[in-house]
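Coordinate inspection notes
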Number of protein chains: 2
Amino acid sequence: MASQTRGARSRQHLLDAAASVFRDYGYEGASISEITKRAGLTKGAAYFHFSSKEALARSVLEEAVTTDGVVPQTLKLQELVDIAMALAHRLPREPVQAAALRLAVDSTACRLLGTAWPEWIRVVTEVLEEAKRRGETLPHLDPPQTGRVLMSAWTGMSLVLDEVPNGEDLEHHIASLLDHLLPSIAVPAVLARLDTAPGRGARIAPVGPVS
Amino acid sequence: MASQTRGARSRQHLLDAAASVFRDYGYEGASISEITKRAGLTKGAAYFHFSSKEALARSVLEEAVTTDGVVPQTLKLQELVDIAMALAHRLPREPVQAAALRLAVDSTACRLLGTAWPEWIRVVTEVLEEAKRRGETLPHLDPPQTGRVLMSAWTGMSLVLDEVPNGEDLEHHIASLLDHLLPSIAVPAVLARLDTAPGRGARIAPVGPVS
């Protein structure tokens, strides 16, 4: 058991190191030697966990789709807000998130691996469908379409902020995005009760300092 | 005069060729020889117009920010819609637009050249400021913030559609994005009069077939 736990730990360590290298150098620029160096492992130990750079990248993309920390709320749409805010808190702090975003806009990596976007659209669409069943959304809402708009707009905000910083953090920008979109999603009585304060992500998804 | 016109034409030809190469190969992968080959010019002729690959890329980014075809409307917010819809029509048809987007998410190109995003945010913000002065927007609207949300969300929609196509074209997705955002921007009386039909881009910005 102890050795299994150690194994799981070094696998996670390797994945985090790979994510930080993909984030910094892109897919083609990432080398196994830089990854193992950052993980403090030998190449042999690395290949015990992952057969290739491609396998590492696939695991990074899988791990990036997470709603960790998001718990059931009275209003389903609050869970939607929480997913968006938790991710905004994570992106600058968790290399896995930054790596998934960089790989998604890297044409070589895209062709080889696809992106985490279809899975994100699915997650968001499911929440919207449940919110609609509960009568929280405007009646004309089309969950797959709105799910796509939300996910795409979220992605655009984070990419632009990376290149055109303006002194505010991603959590403020995502809160602003939600404030722009939610009036087209929620019925007024629900809208008034949604908490989109920028600090919400930190409360939901407490992660370590920026790495 | 005839020779000047010919010069301007071959400069434009070269710029379009460069854009298509940047779009297809990214900044680092783009070679001057491929660009001159596509333009049907000699390297000598190319260097007469542009001193370097970097100069070509900068000109592509400058040319990408365009409101060509957008004409004054009774409602300033209709001009905002028109800018977004014209660009959605252009992106799949004009290599300059696709190249600017690819260069913006290419980290090497970004560091070297910046992106066209600050200029787009400025353009959109100015339109919003004028719309606000005319009383077309909700009173609490913050033009720079909403301008950023609009531009970022537009960008996200186009990037995601590139990787996760779903049978609809960018013009449909941008129309849907506008339908989601405008209720947070326009006063109801203006909102009801805005035309966000997906075909609007083609009427504003008639360009050739997809190249």
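Residues numbered from 1 in each chain as written. Chains lettered and ligands numbered in written order. Predicted model: local features only at pLDDT ≥ 70, side-chain atom pairs only at ≥ 80, totals over all residues.

Bringing the overall build of chain A into the picture now. Scanning chain A from N- to C-terminus turns up 12 helices and 0 strands. The N-to-C order of helical and strand elements in chain A reads α-α-α-α-α-α-α-α-α-α-α-α. Its C-alpha atoms give chain A a radius of gyration of 18 Å, near enough to 17 Å, the size a compact globule of 211 residues would have. In terms of overall dimensions, chain A has a C-alpha envelope of 60 × 40 × 30 Å along the principal axes. (Helix = DSSP H or I, 4+ residues; strand = E, 2+ residues; numbered from the N terminus. Rg over C-alpha atoms; globule rule 2.2 N^0.38 Å.)

A separate point is the interface of chain B and chain A. Facing 29 residues of chain B, the contacting portion of chain A comprises 29 residues. When contributions to the side of chain B that touches chain A are tallied by element, the ones reaching two or more residues are α7 (107-113), α8 (117-133), α9 (143-163) and α10 (170-181) of chain B. Considering each element in turn, the side of chain B that touches chain A owes the most residues, 13 residues, to α9 of chain B. Here the residues of the side of chain B that touches chain A are counted per class, giving 17 nonpolar, 11 polar and 1 charged. (Contact = placed C-beta atoms within 7 Å. Nonpolar A, V, L, I, M, F, W, Y, C, P; charged D, E, K, R; others polar.)

Further remarks concern the relation of the copies chain B and chain A. The two copies are related by a screw motion: chain B maps onto chain A through a turn of 180° and a shift of 0.0 Å along the axis, at an RMSD of 0.0 Å. With respect to symmetry, the two chain copies, as superposed, fit the operation of a two-fold axis. Interface residue correspondence from chain B to chain A reaches 100%, placing this contact among same-surface, isologous pairings. (Least-squares fit on C-alpha atoms with pLDDT ≥ 70 in both.)

On to the domain arrangement of chain A, then. Residues and elements named next belong to chain A. Taken domain by domain, chain A holds domain 1 (2-63) and domain 2 (65-204). Here the C-alpha centre of domain 2 lies 27 Å away from the C-alpha centre of domain 1. Across the boundary between the two partners, domain 1 contributes 15 residues, which contact 15 residues of domain 2. The set of elements that each furnish at least two residues to the side of domain 1 that touches domain 2 consists of α1 (2-29) and α4 (53-64). Looking at which element gives the most residues to the side of domain 1 that touches domain 2, the answer is α1, with 8 residues. Split by residue class, the side of domain 1 that touches domain 2 holds 6 nonpolar, 2 polar and 7 charged. (Domains from an automatic or database assignment.)

Moving on, we get to the nonpolar core. In terms of nonpolar packing, the biggest core is built from 132 residues, with Val60 of chain A together with Val60 of chain B touching the most fellow members. Not counting the four nearest positions on each side in its chain, valine 60 of chain A is found in contact with Leu15, Ala18, Ala19, Phe22, Val96, Ala99 and Ala100 of chain A. (Core = buried A, V, L, I, M, F, W, Y, C linked by C-beta atoms within 7 Å. Buried ≥ 20, exposed ≤ 12 C-beta atoms within 10 Å, placed from the backbone.)

Relative to the helices and strands, histidine 180 of chain A resides in helix α10 (residues 170-181). Classification of histidine 180 of chain A by C-beta neighbours within 10 Å gives buried; the count is 22. Those residues within four positions of histidine 180 of chain A in sequence are excluded, and the remaining contacts are Thr146, Val149, Leu181 and Ser184 of chain B.

Glancing now at the packing of helix α9 (residues 143-163) of chain A against α10 of chain B. The contact between α9 of chain A and α10 of chain B brings their axes to 10 Å, and the two run at 85°. By the angle between their axes, α9 of chain A is roughly perpendicular relative to α10 of chain B. In contact with Gln145, Thr146 and Val149 of chain A of α9 of chain A, α10 of chain B contributes Ser176, Leu177 and His180 of chain B. In terms of residue class, the contact of α9 of chain A with α10 of chain B is built from 2 nonpolar, 4 polar and no charged. (Axes fitted to C-alpha atoms, helices over the stretch in contact; angles between N-to-C directions. Parallel < 35°, antiparallel > 145°, perpendicular 65-115°, else oblique.)

Taken residue by residue, helix α2 (residues 32-39) of chain B has Ile35, Thr36 and Ala39 of chain B as its buried positions. Angularly, the buried residues of α2 of chain B cover 95° about the axis, an arc narrow enough to put them on a single face. (Arc of directions from axis to C-beta.)

What sets the pattern is the α-helix's 3.6 residues per turn: residues three or four places apart point alike. Given a rise of 1.5 Å per residue, 21 residues ought to cover 30 Å, and the 30 Å separating the end C-alpha atoms of α9 of chain A matches this to within 8%. With 16 of its 21 residues buried, α9 of chain A lies for the most part within the structure. (Expected span 1.5 Å × (residues − 1).)

A separate point is the confidence of the model for chain A. All names here are of chain A. Model confidence for chain A is summarised by a mean pLDDT of 93, while 96% of its residues fall at 70 or above. For chain A, the element scoring lowest by mean pLDDT is α1, at 88; helix α11 (residues 188-191) scores highest, at 98. Across the interfaces of the predicted complex, the ipTM metric reaches 0.93, alongside a pTM of 0.94. (pLDDT = per-residue confidence, 0-100.)

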